[in-house]
Amino acid sequence: MLKIQNLRKTYGNYHALDGLDMEIADGSLYGFVGPNGAGKTTTIKIMTGLLLPDVGRVEIDGIDALTEPYRLKEKIGYVPDYFGVYDNLKVWEYMEFFASCYGLEGLKARKRFQILLDQVGLGDKEDFFVDGLSRGMKQRLCLARALIHDPSLLIMDEPTSGLDPRTRLEFRDTVQELHEQGKTILISSHILSELSELCTDIGIIDAGRLIVSGSIAEITDRIHTSKPVIITIFGDKTAAMKLLKEHRLVQTITVKDDSIMVGFTGNAKQESELLAQLVGAGVPVRGFVREPGNLEAIFMQITNHKEERVVLSYEDESGL
Amino acid sequence: MRMNPVYKREVMVSARSFRLALMLLVFNGILALVALLNMYSTLAQVRLTAEIQYTSFLDLYLFVAALEFVMLIFFMPAITAGSISGERERQTLDLMLTTKMKPAEIVLGKMAASLSTMALMIISSFPIIAMVFVYGGVTLRDIALMLLCYMAAALFAGSIGICCSAFFGKTTMSTVVAYGILGLVVLGTFGVNQFAYYMSGVHTDGNLASIGQIASYATSGNCLYLLLLNPTVNFLMTITRLTGREQAIASVTTWFGHHEQTLIASQWVLISILLQLALAAVFLWAAIQAVSMSKNTGKKRR
């Protein structure tokens, strides 16, 4: 669906994008994550044709963004991190205007925007002035606007910033619904917990390069291996220590009370094999568990920033 | 044919707004008041002297047309200077640029909407201007020429406003710069001619005095042709020729000294209108480039 190759963009001496390569599969719900200034918005602006890269190639469904920008615009729906609404227009007039920007007119446009307004829960607000809508409603209107021409790729730049928890949940449900209808969706966000619950794939960008990209399962697996295995032993630990020291996948060993914290780089299968070896060696294993990891942990690990530049979860941000 | 979406939206919003109704009321109110007072004074004079001064009605036409021109040239930048920068301030320009709309469609849609507003103001004032037809002296052709002069000036002033609006992110800044450029064109061209005329006078009079001549042959020289850019000069030329009065004003060769009658001077109005239209096209092209160029920089304009 989306293919980005060697994308570079500089603002003066600042390298916003430094050879970004990225691919999004058809039908995926892709979470685009990165600290402030990592290059998320620059990438999105290039994808949507609002910015030209210095070097690189962006292709959507085989269409080159640089050589055929107007064909590409039919494929993309864009929801920015601001509302971008005309206060002096009614909801239906706003939708009709953007429909006509895509060449949709008359009854066809009306039918299309009525379906979309119903889908985002604004069907009964058609005759309201946009000015009178709440923030959540404005954001949903923006989403409906981005879908007016039935794009195959929906790009959302921090769509839930500034929304209350209830509106976030409602918005998330709408996005989920769109994904189930077969739309490919890219969401950039700081709120990792939100993305991990919603997205099928995640890409982490830092300093203008994509550091990690893959399905949630793959990335969770990586997180998994970065956390220690906690083995609780009943009684003497000597046999266990001997076995662990000799094991090729064991990186570190820390003993704390009756537990041994093991830095184990193996996967789930290798974990079970280690457990079997311990039991086979007559070690009285009382507990064997991998410390739970999360996206935030790997994000902080990968981006390696001393200062906490991302909102680790909504609860952290809101102080709840 | 598909109507330009920006034009359609602008016209719809402006037709709904209280501002347009107020502008029409004030504009036509001032024109009507001036026209009626003029007519009242002419009729009062008739009662006293039993003599009808038909030239007074031409004065009425001259005055109303001049007032309309001044209002038009001052309203137009105010209407257009916020057109593109306003979209930036609302953050809707980027949204439009992500659609299939091209920068040229956005700029031309805005310009057409502003011209429509201006045309509405001019057309709504027709009943007041038509008062002069009661007494005759002004033909439909005269009115058509005056309208052409109005439209050229409106397009010229409007395109300056749109161009500034495309280059500056803030409406306040673009309005100030648009009025600055317009002031430079209207007053600056006079200023340059006055200066050239004065300098020529100092030089020529000094030389003539040395050989015993009395008459002055000072002129502003080729600087006179800078006045071709000035919509007010064009308007004065048009209106004074129509009313058939003040022949001295009607020929630009008599301004700032006695210039030779050239082809340009004899076809002044036509050339000036064409030049204004050409410059308007250049300003609009620059505005389109400015909207397109933001893709290269990605920076918000100040």
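Preceding this paragraph is the structure being described.
Values in this document were obtained by computation on a predicted structure and should not be read as measured data. (Residues numbered from 1 in each chain as written. Chains lettered and ligands numbered in written order. Predicted model: local features only at pLDDT ≥ 70, side-chain atom pairs only at ≥ 80, totals over all residues. Heavy atoms only, no water.)

A. Up close: the overall build of chain A. Within chain A one finds 12 helices and 14 strands. When burial is assessed residue by residue, chain A has 51% of its 320 residues classed as buried. Considering only residue pairs separated by 6 or more positions, chain A has 68% of its internal contacts joining residues 24 or more positions apart. Accessible area for chain A stands at about 14,200 Å²; split by element, carbon and sulfur atoms hold 49% of it. (Helix = DSSP H or I, 4+ residues; strand = E, 2+ residues; numbered from the N terminus. Buried < 20%, exposed > 50% of the residue type's maximum accessible area, 1.4 Å probe, protein only. Contact = heavy atoms within 4.5 Å. Areas by Shrake-Rupley, 256 points an atom, 1.4 Å probe, with all protein chains shown as cover.)

B. Just the pairing of strand 7 (residues 153–157) of chain A, in detail. Residue and element names in this part refer to chain A. With 5 of 5 residues buried, strand 7 lies mostly within the body of the structure. Relative to strand 7, strand 6 (residues 76–79) runs parallel, the two being bridged by 4 bridges. Bridged to I76 within strand 7 is L153. Judged from the 5 bridges that link them, strand 7 and strand 8 (residues 184–189) form a sheet pairing that is parallel. Considered in strand 8, the bridge of D157 is made with S188. (Pairing = 2+ DSSP bridges.)

C. Looking closely at the side chain of N230 of chain B. All names here are of chain B. With respect to the helices and strands, N230 occurs in the loop between helix 9 (171–211) and helix 10 (231–243). Overall, the relative accessible area of 0% leaves N230 in the buried class. At 2.9 Å, the side chain of N230 and the side chain of T189 are in polar contact. Not counting residues within four places of it along the chain, the set of residues in contact with N230 comprises V185, V186, T189, F190 and Q276. (Polar contact = N/O pair within 3.5 Å; in protein donor to acceptor, adjacent residues only side chain to side chain.)

D. Looking closely at the sheet that holds strand 9 (residues 201–206) of chain A. All names here are of chain A. Taken in spatial order, the 6 strands make up an open sheet running 6-7-8-3-9-10, and their pairing is mixed. Each edge of the open sheet is held by one strand with a lone partner, namely strand 6 and strand 10 (209–215). Neighbour-to-neighbour, the strand axes of the sheet open up by a mean angle of 15°, direction not taken into account. Relative to strand 9, strand 3 (residues 29–33) runs parallel, the two being bridged by 4 bridges. For F32, the partnering residue across the bridge sits in strand 9 and is G203. Seen against the sheet, helix 1 (residues 40–47) touches strand 3, strand 6, strand 7, strand 8 and strand 9 and runs at an angle of roughly 145° to strand 7. (Axes fitted to C-alpha atoms, helices over the stretch in contact; angles between N-to-C directions.)

E. Quick look at the packing of aromatic side chains. Here the structure, examined in full by the defined rule, presents 11 aromatic pairs over all chains. Summarising the aromatic geometry, the rings of F97 of chain A and F98 of chain A are spaced 5.0 Å apart at their centres and angled 70° between planes, so their arrangement reads as edge-to-face. Linked through ring pairs, Y86, Y94, F97 and F98 of chain A together constitute an aromatic cluster. The ring of F128 of chain A has K125 of chain A sitting right over it, with the charged end atom 5.5 Å from the ring centre. Lying over the aromatic face of Y86 of chain A, R9 of chain B brings its terminal NZ or CZ to 4.0 Å of the ring centre. (Phe/Tyr/Trp six-rings, centres within 6.5 Å; stacked < 30°, edge-to-face > 60°. Lys NZ or Arg CZ within 6 Å of the ring centre and 35° of its normal.)

F. Molecular detail of a nonpolar patch on the surface. Residues F18, L22, L25, V26 and I30 of chain B make up a contiguous nonpolar surface patch of about 490 Å² in total accessible area. Here V26 of chain B lies in helix 2 (residues 18–49). (Patch = residues over 30% accessible without salt bridge, like charges linked within 9 Å, V, L, I, M, F, W, Y side chains within 5 Å. Salt bridge = Lys/Arg side-chain N within 4 Å of Asp/Glu carboxyl O.)

G. Representation of the pairing of strand 1 (residues 2–11) of chain A within the structure. Residues and elements named next belong to chain A. Where strand 1 meets strand 4 (residues 55–60), 5 bridges bridge the pair, whose relative direction is antiparallel. Bridge pairing in strand 4 places L2 opposite I60. In this sheet, strand 2 (residues 14–24) lies alongside strand 1 in antiparallel orientation, the contact comprising 8 bridges. Bridge pairing in strand 2 places K9 opposite L17. Linkage of strand 1 to strand 2, two consecutive antiparallel strands, is achieved through a turn of 2 residues, within which G12 is found at a positive phi near 65°.

H. Here's a closer look at unusual backbone geometry. Phi is positive for D61 of chain A, which is not a glycine, with a value near 50°. Here D61 of chain A is to be found in the loop between strand 4 and strand 5 (63–64). One non-glycine residue, Q91 of chain B, lies in the positive phi region at around 65°. Structurally, Q91 of chain B is set in the loop between helix 4 (83–90) and helix 5 (93–97).

Interpretation in functional terms is not warranted from these geometric data alone.
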